[in-house]
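Letter by letter, the chains look like this.
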Amino acid sequence: MSIEVISVKGKGELRQFIHLPWQLYRQDPHWVAPLLLEEKKRFNPAKNPFFEHADVQLFLALQNGRAVGRISAQVDHLHNEFHHERTGLFGCFEAVNDGAVAKALLEAAERWLWTRGMERVRGPFSFNSNGESGLLVQGFDSPPALLMPYNPPYYEKLIERCGLVKAKDLWAYTIIIDDEFRRRMKELEPRLESISLRARRQGFTVRNVNLKDFYGELKRIMEIYNEAWERNWGFVPLTEREFLAQAQQLKQIVVPDLAKIVELGAEPVGFGLALPDFNQALQALKGRLFPLGILKLLRNARRIDGLRLITLGVKRPYRKRGIDALLYLEMLRAGLALTQYKRCECSWVLEDNHPMNRALELIGGKVTKIYRVYEKSLN
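Thoughts on the overall build of the chain
No. 1: Of regular secondary structure, the chain possesses 12 helices and 15 strands.
No. 2: Since a compact globule built from 379 residues should have a radius of gyration of about 21 Å, the 21 Å found for the chain is in line with a globular shape.
No. 3: Overall, the chain is about 70 × 45 × 35 Å in size when its C-alpha atoms are taken along their principal axes.
No. 4: Every one of the 379 residues in the chain was classed for burial, and the buried ones make up 54%.
No. 5: Of the roughly 18100 Å² of accessible surface on the chain, a fraction of 52% belongs to carbon and sulfur atoms.
No. 6: Positive and negative side-chain charges in the chain, numbering 56 and 45 respectively, have mean positions lying 3 Å apart.

Next up, the structure:
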C-alpha cells in the first residue's frame, strides 16, 4: 500500500498527529500517556514559547487515509546561533513497525530542513535538548520517569536503517533507596561533610527554594542554569518565557526540601532539583483529566514512591571549591529524610560526563536506561 506524507496544516490533521500515540501504544503496559491538554499547548505556536525562536513543521504519514506515523522537523535558530552550526532537528517520531513509513517520514523532515539551509539533521528532540531528548535503546522493562521519553524497541532499527548514526548517548541511573544505600551514605557522609566544610568556610550557604518568592527564585535559577550548563554538548539556553512556562508546569509538584539553591552572599551559584515521579500517578489517566482524572491523580499521587533527580549544577567560576559536595550532601540528606521514596532516577547524564558518572556510581547508581541521539549529514 502506498504511503503519503503530508504537512500538518488544519485542526483535523493536528488532531491525528497528537492522537497517534494512543493508537500505537494501546497495548503497551509501560507507556505513560501525556495529558492531552498539555499536548495541545505544546503544538500551539501561540502557547509554546519555543516557537518564538524556531521554525517547526509537523508531518503525518498516511496509508489509505489512516495515520501510521508522524515526525516533526525544526530549525531552532537559538541552537544554531549558540553552537555556530546549521543543524536541523527532528522529533515527535512515532510509527508502525514498517521501514517504508519511517523512511518516508525522515526523508520528508530531511528535505524540509535541507531547503532551509541545514547541513545536518539531529534528533530525536521534542523540540530541543530542553525537552524530551533521545531515542530509548535500552531499558524497556519499566515506564519512563517524569519528563523522559519512551518508545518501542523496534524504533532503533527503523532510525538506523535510514542512515542516521549515533551522535551521543544519554544515560539514566537508578538508585534504590534501601538499607544498603543508607549504609553506604552513612559511610560516605563524613567525606562529603569534610569537603562541604571547605565551601561553608568560604561563605557558601545552601537553602530550600522559596515558593512564596516564585518569580524571584526563577530568575536566580535561570541565571545558574544558563551559565552552569553552557558548555554541555547540545545545550541550548532557555529564554525567560520558556523557563517560566516550564516552571509553572512543575510548580505544583515541587517539594521544597528537594529544590536547593547554593549562594555566596546574594549571588546564586548552584542549584539542585529532584521531583516526585508523577508518571506513576499519570499512567492510569490515559492522558485525560476529565471527568474523573483529577480524582485519580490525587489518589495516585499519594502512592508515588519514586523520584527523578533532574539537575545538579554549579556556575563554572565556583567549581572545585566544595560546592558540588555541599549540594550532593544536602540533596541526599533531604531525600533520605522523606522515607516514602524508595528509588530515584538520575537523568539524563551524558555518557562522557565522567565526573557525574563517577559520582553516581560511587553512591550505588546503575545505568538502567540509555537514550540515543542520532545525526546525519544532509550534504
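Thoughts on helix α12 (residues 354-362)
No. 1: The complete set of buried residues in α12 reads Met356, Asn357 and Leu360. The arc that holds every buried residue of α12, seen down its axis, measures 100°, which confines them to one face. Structural note: α12 exposes Pro355 and Arg358 on the side pointing more than 90 degrees away from its buried face.
No. 2: Looking at the buried positions of α12, the neighbouring elements they touch are β9 (165-176), β13 (306-314), α11 (323-337) and β14 (343-350).
No. 3: Two residues or fewer after α12 comes Gly364, characterised by a positive phi angle close to 95°.

Observations concerning a nonpolar patch on the surface
No. 1: Among the surface-exposed residues, Leu37, Phe290, Ile294 and Leu298 lie close enough to one another that they form a single nonpolar patch of about 400 Å² accessible area.
No. 2: As for its placement among the helices and strands, Phe290 is situated in the loop between α9 (279-282) and α10 (293-301).
No. 3: By relative accessible area, Phe290 is classed as exposed at 56%.

With respect to unusual backbone geometry
No. 1: For the peptide bond that leads from Gly123 to Pro124, omega is 5°, which places it in the cis range.
No. 2: The topology assignment puts Pro124 in the loop between β5 (120-123) and β6 (125-126).
No. 3: Along the chain, Ser126 connects to Phe127 via a cis peptide bond; the corresponding omega equals 5°.
No. 4: Its identity is not glycine, yet Cys92 carries a phi of approximately 55°, on the positive side.
No. 5: With respect to the element layout, Cys92 can be found in strand β4 (residues 87-95).
No. 6: Relative accessible area serves as the criterion here: at 5%, Cys92 is assigned to the buried category.
No. 7: Of note, the phi angle at Leu147 is positive, near 65°, even though the residue is not glycine.
No. 8: The topology assignment puts Leu147 in the loop between β8 (135-138) and α5 (155-160).

Observations concerning the pattern of salt bridges
No. 1: This model, assessed by the stated rule, comprises 26 salt bridges.
No. 2: Note that Arg372 is salt-bridged to Glu156, the shortest N-O span being 3.7 Å. With Arg372 in strand β15 (residues 366-377) and Glu156 in helix α5, this residue pair connects regions lying 216 residues apart in the sequence.
No. 3: Assessed through its relative accessible area of 21%, Glu156 is described here as partly exposed.
No. 4: Across the salt bridge formed by Glu330 and Arg333, the nearest N and O atoms sit 3.5 Å from each other. Taken together, the residues span about one helical turn, with Glu330 and Arg333 both in helix α11 at a distance of three residues.
No. 5: A relative accessible area of 16% places Glu330 in the buried class.

Focus on α11
Given 3.6 residues to a turn, an α-helix orients residues that are three or four positions apart in the same direction.
No. 1: The end-to-end C-alpha separation of α11 is 21 Å, in line with the 21 Å expected for 15 residues at 1.5 Å each.
No. 2: The buried fraction of α11 amounts to 11 of the 15 residues, a majority that puts the element mostly inside the structure.
No. 3: Along α11, the positions that sit buried rather than exposed are Ile323, Ala325, Leu326, Leu327, Leu329, Glu330, Met331, Leu332, Ala334, Gly335 and Leu336.

Criteria and cut-off values
- Residues numbered from 1 in each chain as written.
- Predicted model: local features only at pLDDT ≥ 70, side-chain atom pairs only at ≥ 80, totals over all residues.
- Heavy atoms only, no water.
- Helix = DSSP H or I, 4+ residues; strand = E, 2+ residues; numbered from the N terminus.
- Rg over C-alpha atoms; globule rule 2.2 N^0.38 Å.
- Buried < 20%, exposed > 50% of the residue type's maximum accessible area, 1.4 Å probe, protein only.
- Areas by Shrake-Rupley, 256 points an atom, 1.4 Å probe, with all protein chains shown as cover.
- Lys, Arg positive; Asp, Glu negative; His and termini not counted.
- Charge placed at Lys NZ, Arg CZ, Asp CG, Glu CD.
- Arc of directions from axis to C-beta.
- Contact = heavy atoms within 4.5 Å.
- Patch = residues over 30% accessible without salt bridge, like charges linked within 9 Å, V, L, I, M, F, W, Y side chains within 5 Å.
- Salt bridge = Lys/Arg side-chain N within 4 Å of Asp/Glu carboxyl O.
- Expected span 1.5 Å × (residues − 1).

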